Amino acid sequence: EIVLTQSPTTTAASPGEKVTITCLASSSVSNMYWYQQKSGASPKLLIYSTSSLASGVPDRFSGSGSGTSYSLTINTMEAEDAATYYCQQWSSNPLTFGSGTKLEIK
Amino acid sequence: QVQLEESGPGLMQPSETLSLTCTVSGFSLTSNGVGWVRQPLGKGLVWMGTIWAGGSTNYNSAVQSRLSISRDTSKSQVFLKMNSLQPEDTGTYYCARHNWAYFDYWGQGVMVTVSS
């Protein structure tokens, strides 16, 4: 099973600040996917195939990476971005998610 | 538009069999896969299994021996059945459209508590 380790576990950012969340895979994966989950809501797809923005997602979000290291960046933090973010892979079975990064607004 | 809605009992007893239904609209089960993802309270996401457009299934080996996913395409419904429930199966269960390697639409989730 490929284990995805996210860092940081928790972080806070001021409006306008740049935020980067990292996802390290225990083995090389071909692509990474990112989800946003706000409190009390279901997850929402943000990024697919490492760097493609899902429909309706603001362009302040971006994804990058390769091999075992991937990242999600929010270029300018907004209050509505406060949420928990998960990475996900399916280069090998089983499909796995990272443990999540909780992002708070300062 | 694409929608998924989970339904099922909220409270189960240990050793019972859980039955959940995911009713979809806005897409066809013969063209898209649907997966189930569990989220223990306050914890992360765990993929349980997926039924694909052709009717084949993939399961997470961690629950494979207890899990069955099936569907009724005429009713646009996907079913999850999991036996031998334990308290650690407590959590929110989501169904989601499984687009190749990721989930592009999610239901609102159904909370299941396993307790005696």
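Check the entry above for the structure.
Residues numbered from 1 in each chain as written. Chains lettered and ligands numbered in written order. Predicted model: local features only at pLDDT ≥ 70, side-chain atom pairs only at ≥ 80, totals over all residues. Heavy atoms only, no water.

### A short note on the state of the cysteines
Simply put, the disulfide is a covalent bond whose two ends are the sulfur atoms of two cysteines. Applying the stated criterion to the full structure yields two disulfides over all chains. Residue Cys23 of chain A pairs covalently with Cys87 of chain A via a disulfide, S to S 2.1 Å. Disulfide Cys23 of chain A-Cys87 of chain A: torsion about the S-S bond near 70°, hence right-handed. Remark: Cys87 of chain A occurs in strand β9 (residues 83-89) and Cys23 of chain A occurs in strand β3 (residues 19-25); sequence separation between them is 64 residues. One disulfide bridge connects Cys22 of chain B with Cys95 of chain B, the sulfur atoms lying 2.1 Å from each other. Its torsion about the S-S bond being 75°, the disulfide of Cys22 of chain B and Cys95 of chain B is classed as right-handed. In this pair, Cys22 of chain B is assigned in strand β3 (residues 18-25) and Cys95 of chain B in strand β9 (residues 91-99), connecting sequence segments 73 residues apart. (Disulfide = S-S within 2.5 Å. Helix = DSSP H or I, 4+ residues; strand = E, 2+ residues; numbered from the N terminus.)

### Notes on the interface of chain B and chain A
Between chain B and chain A, the contact holds 20 residues from the first and 15 residues from the second. Counting each side, the surface lost to burial between chain B and chain A is near 1500 Å², with a carbon and sulfur contribution of 67%. For chain B, the biggest contributors to the area lost against chain A are Leu45, Trp47 and Tyr102 of chain B; these three give 39% of the whole. Between the two partners, chain B and chain A, sit zero salt bridges. Elements that contribute at least two residues to the side of chain B that touches chain A include exactly β4 (33-39), β5 (46-51), β9 and β10 (102-106) of chain B. By residue class, the composition of the side of chain B that touches chain A is eleven nonpolar, seven polar and two charged. (Contact = heavy atoms within 4.5 Å. Buried area = accessible area lost by both parts, 1.4 Å probe. Salt bridge = Lys/Arg side-chain N within 4 Å of Asp/Glu carboxyl O. Nonpolar A, V, L, I, M, F, W, Y, C, P; charged D, E, K, R; others polar.)

### Some thoughts on the nonpolar core
Among soluble globular proteins, nonpolar side chains are generally buried collectively. In this structure, Trp34, Tyr85 and Phe97 of chain A together with Phe103 and Trp106 of chain B are the most contacted members of the largest nonpolar core, which totals 40 residues. Mapped onto this core, the elements with two or more residues apiece are β3, β4 (33-37), β5 (44-48), β8 (69-74) and β9 of chain A together with β9 and β10 of chain B. Those residues in contact with Trp106 of chain B that lie beyond four places of it in its chain are Tyr35, Ser42, Pro43 and Phe97 of chain A together with Leu4, Val37, Leu45, Tyr94, Cys95 and Ala96 of chain B. The next biggest cluster of nonpolar side chains, apart from the first, holds 26 residues, and it includes Met12, Ile69, Leu80 and Tyr93 of chain B. (Core = buried A, V, L, I, M, F, W, Y, C linked by side-chain atoms within 4.5 Å. Buried < 20%, exposed > 50% of the residue type's maximum accessible area, 1.4 Å probe, protein only.)

### Observations concerning the sheet that holds β8 of chain A
Residue and element names in this part refer to chain A. Spatially, β1-β3-β8-β7 is the arrangement adopted by the four strands of the open sheet, whose pairing is antiparallel. Edge positions in the open sheet fall to β1 (4-7) and β7 (61-66), since each of these has one partner strand only. The average undirected angle you get between the axes of adjacent strands in this sheet is 20°. (Pairing = 2+ DSSP bridges. Axes fitted to C-alpha atoms, helices over the stretch in contact; angles between N-to-C directions.)

### Considerations on the pattern of salt bridges
For the coordinates displayed, the defined rule picks out seven salt bridges over all chains. Measuring nitrogen to oxygen at the nearest pair gives 2.7 Å for the salt bridge that ties Glu80 of chain A to Arg60 of chain A. Of the two residues, Glu80 of chain A sits in the loop between β8 and β9 while Arg60 of chain A sits in the loop between β6 (52-53) and β7, which places them 20 residues apart along the sequence. The exposure class assigned to Arg60 of chain A is buried, which follows from its relative accessible area of 11%. Close ionic contact of Asp89 of chain B with Arg38 of chain B constitutes a salt bridge, the shortest N to O distance being 2.7 Å. Linking Asp89 of chain B in the loop between β8 (77-82) and β9 with Arg38 of chain B in strand β4, this pair joins segments that are 51 residues apart in sequence. This pair shows no difference in class: Asp89 of chain B is buried, exactly as Arg38 of chain B is. Residues joined by salt bridges that share partners form a network here, namely Arg60, Glu78, Glu80 and Asp81 of chain A.

### What about the packing of aromatic side chains?
The relation between two aromatic rings is expressed through the spacing of the ring centres and the mutual angle of the planes. Scanning the model with the defined rule gives ten aromatic pairs over all chains in all. Taken together, the ring pairs in this structure connect Tyr35 and Phe97 of chain A together with Tyr94, Phe103 and Trp106 of chain B into an aromatic cluster. Above the face of the Phe27 of chain B ring, Arg97 of chain B is positioned so that its terminal group lies 5.2 Å from the ring centre. (Phe/Tyr/Trp six-rings, centres within 6.5 Å; stacked < 30°, edge-to-face > 60°. Lys NZ or Arg CZ within 6 Å of the ring centre and 35° of its normal.)

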